[in-house]
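Coordinate analysis (summary)
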Amino acid sequence: MSATACYHLSSSNEDTKLDPEGVYKTLGYLTLDFSRPGKPTDNAFIESLNGRLRAECLNAHWFTSLDEMRQICEDWRRDYNEVRPHSAIGNKPPISLMNGSGTYGPP
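1. Some points on the overall build of the protein
Tallying secondary structure elements over the protein gives three helices and two strands in all. In the protein, the succession of α and β elements from N to C terminus is β-α-β-α-α. Counting the 107 residues in the protein, one finds 15% classified as buried. Contacts in the protein between residues at least 24 apart in sequence constitute 34% of all its contacts with a sequence separation of at least 6. Approximately 8400 Å² of the protein is accessible, and the part contributed by carbon and sulfur atoms is 56%.

2. Considerations on unusual backbone geometry
You will see that Asn91, though not glycine, has its phi angle at about 55°, which is positive. Tracing the backbone shows Asn91 in the segment after α3 (66-83).

3. Brief notes about the pattern of salt bridges
Proximity of charged atoms lets side chains of opposite charge pair with each other. Summed over the entire model, instances satisfying the criterion amount to six salt bridges. Residue Arg78 pairs with Glu82 through a salt bridge whose shortest N-O separation is 3.0 Å. Of this pair, Arg78 and Glu82 both sit in helix α3, separated by four residues, roughly a single helical turn. Look at Arg78 and you get partly exposed, because its relative accessible area is 40%. Salt-bridge contacts for Arg84 lead to Asp79; the nearest nitrogen and oxygen are separated by 3.5 Å. Given a relative accessible area of 21%, Arg84 falls into the partly exposed group. Here the salt bridges do not stand alone but share partners, grouping Glu74, Arg77, Arg78 and Glu82 into one network.

Calculation notes
- Residues numbered from 1 in each chain as written.
- Predicted model: local features only at pLDDT ≥ 70, side-chain atom pairs only at ≥ 80, totals over all residues.
- Heavy atoms only, no water.
- Helix = DSSP H or I, 4+ residues; strand = E, 2+ residues; numbered from the N terminus.
- Buried < 20%, exposed > 50% of the residue type's maximum accessible area, 1.4 Å probe, protein only.
- Contact = heavy atoms within 4.5 Å.
- Areas by Shrake-Rupley, 256 points an atom, 1.4 Å probe, with all protein chains shown as cover.
- Salt bridge = Lys/Arg side-chain N within 4 Å of Asp/Glu carboxyl O.

Shown next as structure tokens:
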């Protein structure tokens, strides 16, 4: 059985911290998948998350310090992943997909 590693790159600078060379060295294969500039539907899931984060967290608060911003964003992330139900996975929080070994499993 053959497998492929896909490394998605957007046209923004957000991916500069990722290391495709390291992925290739580890796995021995790599497929690059570029999203097209101005085409947010190429990665609709992350665009949805970005929109929710922006609307519900970043635009809703006036941060007075970097530490305050980190704490508020961490609180939002925990609520989003551990408390809030998601309709795409049967109105359960994403953390419910974790099995006992700490790895993700099917819903």
